[in-house]
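An overview of the molecular structure
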Amino acid sequence: KLMESSLMKGDALEKKFETWDFTKGSQKMYNISFKYAENFNMAKKNNLGLLIYGNCGNGKSHMSFCIANKLLDSGYSVVCTSIEALLNKIKKSFNTWGSEGEIEILNSLSNADLLILDDLGTENITDWSLSKIYNIIDSRYRNKLPLIITTNLKINDLENTYGKRTIDRINEMCTFYHNDGPSIRKEIGKAKNELWKE
């Protein structure tokens, strides 16, 4: 039931710390994410979250999936999804069930032990999406529950995009880490090119 409620699908469910590939994912990001998951009771008690930013393809989503799976295996309720998929789910539920469907989703986001919003900044920016994102983050803030965000946006761009009210809450809730590792996808692409040549 926890896995179903997590909104995680496909290969995201297979990302584990035990199979972390240090030739691709950085030691620094492993240490940060592993220690966070290991000390989650303290993080939850003190509403300590993370905001991981950096270039695309360097393992930010992978590390958030590892945290989610470790906590799910330990019996915590975790919602881990891309921001775009989440906003689409809210829209779809509203179209199908009206405000009750939307309220049910928002309640699950408000009350989970941990909410992970992956790829913030990839969604279509509208007044509606900005309002929903603010409400989601504000509900975590008011419930004193932790939040992890991954994004390709630079810090200055976050405030310019989401506004001071939203970013003030994120600043209070999250420690910011820059993932400056190289693109893992690019390296995988190179390896596939070599395989193709062979």
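Preceding block: the structure.
This is a predicted model, so every value here is computed, not measured.

1. Considering the overall build of the protein
Each helix and strand counted, the protein has ten helices and five strands in total. Considering only contacts in the protein between residues 6 or more positions apart, those separated by 24 or more positions represent 82%. Carbon together with sulfur atoms contributes 49% to the accessible area of the protein, which is approximately 11200 Å² in total.

2. Points about helix 4 (residues 60-73)
Its 14 residues give helix 4 an end-to-end C-alpha distance of 20 Å, which sits within 8% of 20 Å, the value for a rise of 1.5 Å per residue. Those residues of helix 4 not exposed but buried are Lys-60, Ser-61, Met-63, Ser-64, Phe-65, Cys-66, Ile-67, Ala-68, Asn-69, Leu-71 and Leu-72. With its phi angle positive at about 95 degrees, Gly-75 sits one or two positions after the end of helix 4.

3. So, helix 2 (residues 27-38)
With twelve residues, helix 2 should reach 16 Å at 1.5 Å per residue; the first-to-last C-alpha distance of 16 Å fits that figure. By the burial criterion, the buried members of helix 2 are Met-29, Tyr-30, Ile-32, Ser-33, Tyr-36 and Ala-37.

4. Here's the deal with the layout of surface pockets
By volume, the second largest pocket amounts to about 300 Å³. Lining the second largest pocket we find 14 residues, and of these Leu-7, Met-8, Lys-9, Thr-81 and Ala-85 sit closest to its centre. Sorting the residues of the lining of the second largest pocket by element identifies strand 2 (78-82) and helix 5 (83-97) as the ones contributing at least two each. Tallying contributions element by element places helix 5 first for the lining of the second largest pocket, with four residues. Considered class by class, the residues forming the lining of the second largest pocket number seven nonpolar, three polar and four charged.

5. Focus on the nonpolar core
In this structure, Tyr-36, Ile-67, Val-78 and Leu-114 are the most contacted members of the largest nonpolar core, which totals 26 residues. Looking at this core, the elements that each hand over two or more residues are helix 2, helix 3 (40-45), strand 1 (49-53), helix 4, strand 2 and strand 3 (114-120).

6. Considering the pattern of salt bridges
For the coordinates displayed, the defined rule picks out nine salt bridges. Across the pair Asp-113 and Lys-44 runs a salt bridge whose closest N-O atoms are separated by 2.6 Å. Here Asp-113, found in the loop between helix 6 (99-111) and strand 3, pairs with Lys-44, found in helix 3; they are 69 residues apart in sequence, far enough to count as distant. Residues joined in a network through salt bridges with shared partners are Asp-138, Arg-142 and Arg-169.

7. A short note on the sheet that holds strand 1
The strand order across the open sheet built from five strands is 2-3-4-1-5, with neighbouring strands paired in parallel fashion. A strand with exactly one partner marks an edge of an open sheet, and here the two such strands are strand 2 and strand 5 (174-178). Pairs of neighbouring strands in the sheet enclose a mean axial angle of 10 degrees, with direction left out of account. Where strand 3 and strand 4 (residues 147-151) come together, four bridges link them in parallel fashion. By the bridge assignment for strand 4, Leu-117 is matched with Ile-149. Most of the contacts of helix 7 (residues 127-143) go to strand 3, to which it runs at about 150 degrees, and overall it touches strand 3 and strand 4.

Calculation rules
Residues numbered from 1 in each chain as written. Predicted model: local features only at pLDDT ≥ 70, side-chain atom pairs only at ≥ 80, totals over all residues. Heavy atoms only, no water. Helix = DSSP H or I, 4+ residues; strand = E, 2+ residues; numbered from the N terminus. Contact = heavy atoms within 4.5 Å. Areas by Shrake-Rupley, 256 points an atom, 1.4 Å probe, with all protein chains shown as cover. Expected span 1.5 Å × (residues − 1). Buried < 20%, exposed > 50% of the residue type's maximum accessible area, 1.4 Å probe, protein only. 1 Å grid on protein atoms, 1.4 Å probe; cavity = no way out; pocket = protein on both sides within 12 Å on 5 of 7 lines; lining within 4 Å. Points joined across faces, edges and corners; volume = space filled by probe spheres on them. Nonpolar A, V, L, I, M, F, W, Y, C, P; charged D, E, K, R; others polar. Core = buried A, V, L, I, M, F, W, Y, C linked by side-chain atoms within 4.5 Å. Salt bridge = Lys/Arg side-chain N within 4 Å of Asp/Glu carboxyl O. Pairing = 2+ DSSP bridges. Axes fitted to C-alpha atoms, helices over the stretch in contact; angles between N-to-C directions.

Shape is all these values report; function is a separate question.
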